[in-house]
Amino acid sequence: MKRVLSGLQPSGQLHIGNYAGAIRQFVDMQADHEMFVFVASYHALTSTRDPDVLRANTRQVVIDYLAFGLDPSAHPNTHIYLQQDVPQVTELAWLLSCICPKSQMDKATTYKDKIARGLSASVGLYTYPILQAADILSVNPDLVPVGKDQVQHIEITRDLAQKFNHAYGDVFKIPAYKLQDDAEVLPGIDGQKMSKSYGNDIDPFMDEKPLRKRIMKIKTDSTPVEDPKDPDNCTVFQIFRGLAGRNDPRTLDLANRYRASGSQGMGYGNAKQALYELILDHFADARKRRTELINDPGYVDKVLKDGAAAAQEKVADVITRARQAVGL
Ligand code: TYM
């Protein structure tokens with residue numbers, strides 16, 4: 001059985017981009033993979049300063065993983081844990097940072113993007129990809145399912161693992177990333193990459209009224225109703241396609257409605273309504289489960305306790321070998 005590791009930052013409410021790019025893959029893979037899915041709370045410290053907010057967001061990510069369909073009770077090989085329950089990853093990050101050329105961090109695009117967006121540049125933000133490499137290598141996974149924006153981080157991880165193995169002997173497996181079929185980076189309501197930190201995201205757990213209001217705010221151009229429209233250039237359509245799938249009949253039907261003209265022409269309001277209905281339909285079970293989970297904190301605690309135990313066992317083994325390899 002192949003081993004999988006992935007995680008999300010608890011830097012705010014999860015959005016449909018996280019689901020479409022990453023969480024959907026976790027859920028699909030759990031039937032026949034050994035899953036290590038964690039909450040990247042140390043990483044969130046690069047952007048979150050309020051301890052209560054971090055604690056609440058961390059808990060919320062766990063609840064949302066379960067609501068979206070990760071299910072350790074049905075799949076005993078699915079392990080959900082918090083990064084702070086395996087603090088040795090920070091030691092591994094140090095070992096990796098000592099073989100990582102500084103120029104490699106200078107080239108990391110997520111860092112450059114965040115700086116361009118005005119986030120303050122801590123050393124933690126700068127070396128963020130090294131901690132991510134440590135998360136991954138600490139359980140020696142075969143596969144890392146992520147969204148497209150994370151590919152460079154996985155390439156850095158592979159490179160650091162190779163450098164380490166070359167210097168000290170074979171300690172790490174070289175993991176591969178896995179993208180959702182037809183993977184796209186989902187845009188947010190302003191047309192830029194959907195991101196918690198950019199304030200442009202869509203939260204699938206919002207109450208119906210504010211959710212609809214949010215979707216109606218998606219930026220579109222001013223093409224008149226009766227003119228044909230290019231679906232591929234429209235944020236509403238891109239989100240719809242990312243969620244429903246490129247070849248889903250609902251996507252193909254919506255694309256045809258975009259292209260229609262004259263009295264058959266469709267206004268963007270109708271496309272937004274279609275997206276709203278798709279989201280409600282797609283996440284109906286998740287929305288229900290989430291309410292149940294919020295009322296069952298004992299179950300969430302048990303998931304985290306079991307997950308931490310499983311992760312600690314794997315991490316302890318890898319760290320012991322890495323320490324020995326470097327001479328500690
Ligand atoms: P984060 O928290 O930004 O995003 C979590 C996952 O969601 C995907 N994603 C998207 N996919 C499609 N469209 C979007 N708009 C979109 N936004 C986010 C991301 O690609 C990611 O898979 N550095 C990671 C967290 C991390 C991690 C790890 C991941 C820390 N250690 C080890 C994998 C393995 C991050 O910031 O993800």
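Residues numbered from 1 in each chain as written. Predicted model: local features only at pLDDT ≥ 70, side-chain atom pairs only at ≥ 80, totals over all residues. Heavy atoms only, no water.

## Details of the layout of surface pockets
No. 1: Each pocket or cavity is described by its volume, and for the largest pocket that value is around 880 Å³.
No. 2: Surrounding the largest pocket, 42 residues form its lining, Gln-9, Asn-18, Asp-149, Gln-150 and Lys-193 being those nearest its centre.
No. 3: Of all the secondary-structure elements, those providing two or more residues to the lining of the largest pocket are strand S1 (3-8), helix H1 (16-29), helix H6 (109-116), helix H8 (128-137) and helix H9 (151-168).
No. 4: Here the element with the most residues in the lining of the largest pocket is H1; it accounts for five residues.
No. 5: Across the lining of the largest pocket, the residue classes tally to 16 nonpolar, 17 polar and nine charged.
No. 6: The space that makes up the second largest pocket amounts to roughly 230 Å³.
No. 7: Breaking the lining of the second largest pocket down by element, the ones donating at least two residues are helix H2 (41-44), helix H4 (88-97) and H8. (1 Å grid on protein atoms, 1.4 Å probe; cavity = no way out; pocket = protein on both sides within 12 Å on 5 of 7 lines; lining within 4 Å. Points joined across faces, edges and corners; volume = space filled by probe spheres on them. Helix = DSSP H or I, 4+ residues; strand = E, 2+ residues; numbered from the N terminus. Nonpolar A, V, L, I, M, F, W, Y, C, P; charged D, E, K, R; others polar.)

## What to know about the site of the ligand
No. 1: Taken together, 28 residues form the shell around the ligand, and within it Tyr-128, Gln-132, Asp-135, Asp-149 and Leu-186 come nearest.
No. 2: Gln-9 is positioned with one of its backbone polar atoms (N or O) 2.9 Å from an oxygen atom of the ligand.
No. 3: Between a nitrogen atom of the ligand and a main-chain N or O atom of Leu-186, the distance comes to 2.8 Å.
No. 4: Contact with the protein chains covers 97% of the free accessible surface of the ligand, which is 710 Å².
No. 5: Given that more than half its atoms are within 2 Å of the pocket grid, the ligand belongs to the largest pocket.
No. 6: Tallied by class, residues from the shell around the ligand come to 12 nonpolar, 11 polar and five charged. (Near = heavy atom within 4 Å. Polar contact = N/O pair within 3.5 Å; in protein donor to acceptor, adjacent residues only side chain to side chain. Areas by Shrake-Rupley, 256 points an atom, 1.4 Å probe, with all protein chains shown as cover. Sits in = over half its atoms within 2 Å of the grid points.)

## Observations regarding the domain arrangement of the chain
No. 1: Per the domain assignment, the segments of the chain are domain 1 (3-186 + 296-326) and domain 2 (206-282).
No. 2: For domain 1 and domain 2, the distance between their C-alpha centres works out to 33 Å.
No. 3: At the interface, seven residues of domain 1 touch eight residues of domain 2.
No. 4: At the boundary of domain 1 with domain 2, total buried surface from both sides reaches about 680 Å², with 53% on carbon and sulfur atoms.
No. 5: The largest per-residue losses of area from domain 1 upon contact with domain 2 belong to Ile-16, Glu-184 and Leu-186, which jointly make up 57% of the total buried on that side.
No. 6: Viewed at the interface, domain 2 and domain 1 are joined by two salt bridges. (Domains from an automatic or database assignment. Contact = heavy atoms within 4.5 Å. Buried area = accessible area lost by both parts, 1.4 Å probe. Salt bridge = Lys/Arg side-chain N within 4 Å of Asp/Glu carboxyl O.)

## Describing the nonpolar core
No. 1: Among the nonpolar cores identified, the biggest contains 56 residues, and Phe-26, Tyr-65, Ile-202, Tyr-258, Leu-275 and Ile-279 are the most heavily contacted of them.
No. 2: Per-domain counts for this core show at least three residues from each of domain 1 (3-186 + 296-326) and domain 2 (206-282).
No. 3: Aside from chain neighbours lying at most four places away, what touches Ile-202 is His-15, Ile-16, Ile-189, Met-194, Leu-211, Arg-214, Ile-215, Ile-218, Ile-239 and Ile-279.
No. 4: Judged by nonpolar contacts, the second largest core, of 40 residues, contains Tyr-81, Val-89, Ile-154 and Ala-311. (Core = buried A, V, L, I, M, F, W, Y, C linked by side-chain atoms within 4.5 Å. Buried < 20%, exposed > 50% of the residue type's maximum accessible area, 1.4 Å probe, protein only.)

## Here's the deal with the pattern of salt bridges
Between side chains of opposite charge, a pair can form as their charged atoms come close.
No. 1: Tallying each qualifying case throughout the model produces 19 salt bridges.
No. 2: Of the charged contacts in the structure, one is a salt bridge between Arg-55 and Asp-52, with a shortest N-O distance of 3.2 Å. Residue Arg-55 and its partner Asp-52 are located together in helix H3 (residues 51-68), separated by three residues, close to a single helical turn. An identical accessibility class is assigned to Arg-55 and Asp-52; each is exposed.
No. 3: As a salt-bridge pair, Asp-142 and Lys-173 come within 3.2 Å of each other at their nearest N and O atoms. With Asp-142 in the loop between H8 and strand S4 (143-145) and Lys-173 in the loop between H9 and strand S5 (176-178), the pair connects residues that are 31 residues apart, well separated along the chain.
No. 4: You can call Asp-142 partly exposed: its relative accessible area is 22%.
No. 5: On the basis of relative accessibility, which here comes to 38%, the residue Lys-173 falls in the partly exposed class.
No. 6: The structure contains a network of salt bridges with shared partners spanning Glu-184, Asp-232, Arg-241 and Arg-246.

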